[in-house]
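Commentary on secondary and tertiary structure
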Amino acid sequence: MSGVVCVVGSLNVDLVTRVRRHPRPGETVVGDRTRTFPGGKGANQALAAARAGARTRLVGRVGADSNGTAYLAGLGDRGVDCSAVLVTPGEATGSAIVVVDEPGENSIIVSPGANGFVRPADVDAAAVRSADVLLLQLELPPAVVRHAAELAAQAGIKVVLNASPWSAAAAELVDLADVVIVNEHEAAALGPVRGSVCETLGSRGARWLGAERPAPVIEAVDTTGAGDAFAGTFAAHLAMAASPDRALRSAIAAGAAACGHAGAQGWALTR
Ligand code: RIB
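In this text the structure is predicted, and so the values were computed from the model without any measurement. All residue numbers refer to position in the chain's written sequence, counted from 1. pLDDT decides what is reported in this predicted model: residues at 70 or higher carry local features, side-chain atom pairs at 80 or more are listed and counted, and totals for whole chains, interfaces and linings draw on all residues regardless. To get the side-chain values, take all heavy atoms of the structure and skip hydrogens and water.

1. A short note on the overall build of the protein
- Each helix corresponds to a stretch of at least 4 residues labelled H or I by DSSP, and each strand to a stretch of at least 2 residues labelled E; elements are numbered beginning at the N terminus. Regarding its fold elements, the protein presents eight helices and 13 strands.
- A radius of gyration in this sense is built from C-alpha atoms; the matching globule rule multiplies 2.2 Å by the number of residues raised to 0.38. Computed over its C-alpha atoms, the radius of gyration of the protein comes to 17 Å, within 12% of the 18 Å expected for a compact globule of 271 residues.
- With the C-alpha coordinates of the protein rotated into their principal frame, the extents come out at 50 × 45 × 35 Å.
- Put simply, 68% of the contacts in the protein that link residues at least 6 apart link residues at least 24 apart.
- Note on areas: these come from Shrake-Rupley sampling with a 1.4 Å probe, and a residue is covered only by the protein chains present in the view. When the accessible surface of the protein is split by element, carbon and sulfur atoms take 54% of a total near 11600 Å².
- In summary, the charge assignment counts Lys and Arg as positive and Asp and Glu as negative, without counting His or the chain termini. Note on charges: their place is set at NZ of Lys, CZ of Arg, CG of Asp or CD of Glu. Each charge class in the protein was averaged separately, 23 positive and 26 negative side chains, and the resulting centres sit 3 Å apart. Contact between two residues is taken to exist if any of their heavy atoms lie within 4.5 Å; hydrogens are not considered.

Here it is in structure tokens:
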């Protein structure tokens, strides 16, 4: 069965520099050459869902720049339907400054760019209503996330929300979701929710519906996008009506695999 996932979310161009260790506040460290990778939680998750076998449609915005054009072409080549991604004249495609240290841990600063211009009216209602699962994160304006979740709820479509990056707005949106995916830090901030909570545990695996499953032991190259690979794969398996155990195990495996390559998606926008 090929389920359908609709992702309403962000697209970023990630500027990634490797360092021996992260700088402390006020400190300068010298890094490796900077590379440009596709990123953004929405697009990362959409590609993961497509790779997991779901028919996947992405709703969002890029800028009218060469990065945006190259990004959409690359995602399309990799099986993500980007026909509902709009172009925002006069704005840059969203970007992120990503610093990765020797053990592969990252720190990220996001500059929203065109993502900040997504409006509720941009959300293609037909794309949401024809999906089995709507997958959301929190890099778009909260009103957009709310609107998309409400459209899905009216149509009886399952809503999965990756409550990341966590903010005060997240607390107001989590009750719109049937499943909330959080990491351990986000879980600590999360109060009671209407749906179920799927908690990722980093190198220890993840837990959902009372079951905890381990992650394979790996040598991490770059952990950027590991949580997104988890969320996209998880949503794809829900859309394909997999068992909870299969969904959880497959998502953990995809998250681990994503740590094995540089960049969030395993392909580069420039060399
Ligand atoms: O989750 C990783 C992603 O967060 C990066 O690709 C970056 O763009 C930010 O959105």
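2. Points about the site of the ligand
- Nearness is defined per residue: one heavy atom within 4 Å of the molecule or strand is enough. Taken together, 13 residues are adjacent to the ligand, and Asp 14, Gly 40, Lys 41, Glu 139 and Asp 228 come closest.
- Between the ligand and Asp 14, the relevant distance is 2.6 Å, taken from an oxygen atom to a side-chain nitrogen or oxygen of the residue.
- Contacts described as polar in this section are N or O atom pairs within 3.5 Å, which, within protein, must combine one atom able to donate a hydrogen with one able to accept it, while residues neighboring in sequence count only if both atoms come from side chains. Gly 40 has a polar backbone atom sitting 2.9 Å from an oxygen atom of the ligand.
- In isolation the ligand has 280 Å² of accessible area, and contact with the protein removes 96% of it.
- Those elements that place two or more of their residues in the shell around the ligand are β2 (12-18), α1 (41-51) and β7 (106-111).
- Classifying every residue of the shell around the ligand by side-chain character gives four nonpolar, five polar and four charged. Residues are sorted three ways: Asp, Glu, Lys and Arg are charged, Ala, Val, Leu, Ile, Met, Phe, Trp, Tyr, Cys and Pro are nonpolar, and all the rest, Gly among them, are polar.

3. Examining the UniProt feature "active site" (unreviewed entry) in the protein
- Mapped onto the present numbering, the UniProt feature "active site" (unreviewed entry) falls on Asp 228.
- Structurally, the position occupied by Asp 228 is in helix α7 (residues 226-239).
- Buried means the residue's accessible area, taken with a 1.4 Å probe over protein chains only, is under 20% of the maximum for its type, while exposed means over 50%, and partly exposed covers the values in between. A relative accessible area of 6% means that Asp 228 is categorised as buried.
- With residues near it in sequence (within four places) discarded, Asp 228 still touches Lys 41, Asn 44, Gln 45, Ala 48 and Asn 162.
- Within polar-contact distance, the side chain of Asp 228 engages the side chain of Gln 45 at 3.0 Å. UniProt positions are given in the numbering used here, feature names are shortened, and annotations may be inferred rather than shown by experiment.

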